[in-house]
Amino acid sequence: MDIPPLAGKIAALSLSALPVSYALNHVSALSHPLWVALMSALILGLLFVAVYSLSHGEVSYDPLYADSYVVGFMEFYTKEGEPYLRTAHGVFICYWDGTVHYLLYLAMAGAICRRKRYRNFGLYWLGSFAMSILVFLTGNILGKYSSEIRPAFFLTIPYLLVPCWAGMKVFSQPRALTRCTANMVQEEQRKGLLQRPADLALVIYLILAGFFTLFRGLVVLDCPTDACFVYIYQYEPYLRDPVAYPKVQMLMYMFYVLPFCGLAAYALTFPGCSWLPDWALVFAGGIGQAQFSHMGASMHLRTPFTYRVPEDTWGCFFVCNLLYALGPHLLAYRCLQWPAFFHQPPPSDPLALHKKQH
């Protein structure tokens, strides 16, 4: 595989975060929160200049190229700038940013260099990034670290606009062409749900996932039923953690993922719902990021012992949450590999219809 020269330069630039972070960590003058915020803003500005000078053509062609290499460069101030990054949830957000998001950024940058589409990568990243930033910022404001918000926190607020702008940019790209002919679309859409066992299994999964989503939402809303009480104390005590991230996460699931489960089940039952492949990718990215952070934080040593998953229920917790994360990815894979069912029905041929009537 040929690697564009510019991609190598950008990868080298991104790796410079390691020595820069190490050096700044040993500068005692940066212990004041205001200096941390100012230094972060300076680094952000210098990074924009560096990326623009290295890749003027790519930035002009697609501004998302530059944004992909800015996120994640300001993680050196976890002590005085953003202390909530030292929580278990913050640690796993950084893990996800440094692996999955980083690989997605490189893939999208490579596609832009080659003037190719990156719609699928972009949709997955959009869901992942939006879920991460919404839960993290909301949890910072509502949780026990709300009293420790420093000036550097306000540097993350502009990133609330990034998913909106990037979403419009990604959705405006044309979809990849498929090899589905009109006959293939008609034949696939004539099949009922019982004739499509894979879709039937996904519909059953979506129904069960919807009930699980609603149940955990009621749990964090302090539902007084015995089932909710047993679950939050014996299976997922992390939902009681005062950092507020797990509570915000479950509410995000209830208000956004729960409706999506119902709409996706409908789209798998009735043909012609062309919106599902795109949104399946968005929700797969969001749920993948969320479940990675939630599962990891539930068992991490930085989570107080009383809020960690008990050892005797670890297996049940792991299986349920892993299936919850895996299902949306299977749905997205099904939509991308066999999209004929979701195409708009081809218009009927007036001439053929006239001949049939006579």
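Above this text sits the structure in question.
Since this is a predicted model, take the numbers as computed values, not measurements.

Draft legend 1. Layout of the environment of His-343. Following the sequence through the fold, His-343 ends up in the loop between helix H14 (314-337) and helix H15 (350-357). Along the primary structure His-343 and Glu-188 are separated by 155 residues, whereas in three dimensions their C-alpha atoms are 10.0 Å apart. With near-sequence residues (within four places) excluded, His-343 lies in contact with Thr-178, Cys-180, Val-185, Gln-189 and Gly-272.

Draft legend 2. Structural view of the packing of helix H7 (residues 119-142) against helix H13 (residues 276-299). At a minimum axis separation of 7 Å, H7 and H13 run at an interaxial angle of 45°. In terms of their interaxial angle, H7 and H13 are classed as oblique. Classified by chirality, the crossing of H13 by H7 is right-handed. Here H7 contributes Arg-119, Asn-120, Leu-123, Tyr-124, Gly-127, Ser-128, Met-131 and Ser-132 to the contact with H13, which in turn contributes Asp-278, Leu-281, Val-282, Ala-284, Gly-285, Gly-286, Gln-289 and Ala-290. Of the residues contributing to the contact of H7 with H13, the split by class is seven nonpolar, seven polar and two charged.

Draft legend 3. Region of interest: the layout of surface pockets. Size it by volume and the second largest pocket reaches roughly 390 Å³. Together, 18 residues line the second largest pocket, and Arg-175, Ala-176, Thr-178, Leu-336 and Pro-339 are the ones closest to its centre. Secondary-structure elements contributing two or more residues to the lining of the second largest pocket are H7, H13 and H14. Here the lining of the second largest pocket is composed, by residue class, of nine nonpolar, five polar and four charged.

Draft legend 4. Structural view of H7. Between the first and last C-alpha of H7 there are 34 Å, a value that for 24 residues agrees with the 34 Å anticipated at 1.5 Å per step. Of all 24 residues that make up H7, 18 are buried, and the element is covered over most of its length.

Draft legend 5. Looking closely at unusual backbone geometry. Even without being glycine, Arg-115 reaches a positive phi, approximately 60°. As for its position among the elements, Arg-115 is in the loop between helix H6 (88-113) and H7. Since its relative accessible area comes to 41%, Arg-115 is described here as partly exposed. Positioned with a positive phi, Ala-244 is a non-glycine residue whose angle comes to about 75°. Summarising the element assignment, Ala-244 is placed in the loop between helix H11 (226-234) and helix H12 (245-269).

Draft legend 6. View of the environment of Ala-176. Structurally, Ala-176 is set in the loop between helix H8 (161-171) and helix H9 (182-189). A relative accessible area of 54% places Ala-176 in the exposed class. When the C-alpha positions of Ala-176 and Tyr-118 are compared, they lie 9.5 Å apart, and in sequence the two are 58 residues distant.

Draft legend 7. Examining the pattern of salt bridges more closely. Across all of its chains, the model carries six salt bridges by this definition. Note that Glu-188 and Lys-191 form a salt bridge whose closest N and O atoms lie 3.6 Å from each other. The residue Arg-196 makes a salt bridge to Asp-199 at a minimum N-O spacing of 2.4 Å. Looking at Arg-196, the relative accessible area reads 4%, which means it is buried. By relative accessible area, which is 3% here, Asp-199 ends up buried. Via salt bridges that share partners, Arg-119, Arg-175 and Asp-278 belong to a single interconnected network.

Draft legend 8. Quick look at a nonpolar patch on the surface. Nonpolar side chains collect at one region of the surface, where Val-319, Leu-323, Leu-326 and Leu-330 lie side by side and expose about 350 Å² of accessible area between them. Within the secondary structure layout, Val-319 lies in helix H14.

Draft legend 9. Representation of the nonpolar core within the structure. Counting residues in each nonpolar core, the largest one holds 59 residues, and the members touching the most others are Trp-125, Tyr-253, Leu-268, Leu-276 and Leu-331. Among the elements that make up this core, the one with the highest residue count is H12 (eleven residues). Not counting chain neighbours up to four residues away, the residues in contact with Leu-268 comprise Leu-193, Arg-196, Asp-199, Leu-202, Val-203, Leu-206, Leu-276, Leu-331, Arg-334, Phe-341 and Phe-342. Counting nine residues, the second largest nonpolar core, distinct from the first, contains Leu-85, Ala-88, Ile-93 and Phe-136.

Rules and cut-offs
- Residues numbered from 1 in each chain as written.
- Predicted model: local features only at pLDDT ≥ 70, side-chain atom pairs only at ≥ 80, totals over all residues.
- Heavy atoms only, no water.
- Helix = DSSP H or I, 4+ residues; strand = E, 2+ residues; numbered from the N terminus.
- Contact = heavy atoms within 4.5 Å.
- Axes fitted to C-alpha atoms, helices over the stretch in contact; angles between N-to-C directions.
- Parallel < 35°, antiparallel > 145°, perpendicular 65-115°, else oblique.
- Left-handed = near helix turned anticlockwise from the far one by under 90°.
- Nonpolar A, V, L, I, M, F, W, Y, C, P; charged D, E, K, R; others polar.
- 1 Å grid on protein atoms, 1.4 Å probe; cavity = no way out; pocket = protein on both sides within 12 Å on 5 of 7 lines; lining within 4 Å.
- Points joined across faces, edges and corners; volume = space filled by probe spheres on them.
- Expected span 1.5 Å × (residues − 1).
- Buried < 20%, exposed > 50% of the residue type's maximum accessible area, 1.4 Å probe, protein only.
- Salt bridge = Lys/Arg side-chain N within 4 Å of Asp/Glu carboxyl O.
- Patch = residues over 30% accessible without salt bridge, like charges linked within 9 Å, V, L, I, M, F, W, Y side chains within 5 Å.
- Areas by Shrake-Rupley, 256 points an atom, 1.4 Å probe, with all protein chains shown as cover.
- Core = buried A, V, L, I, M, F, W, Y, C linked by side-chain atoms within 4.5 Å.

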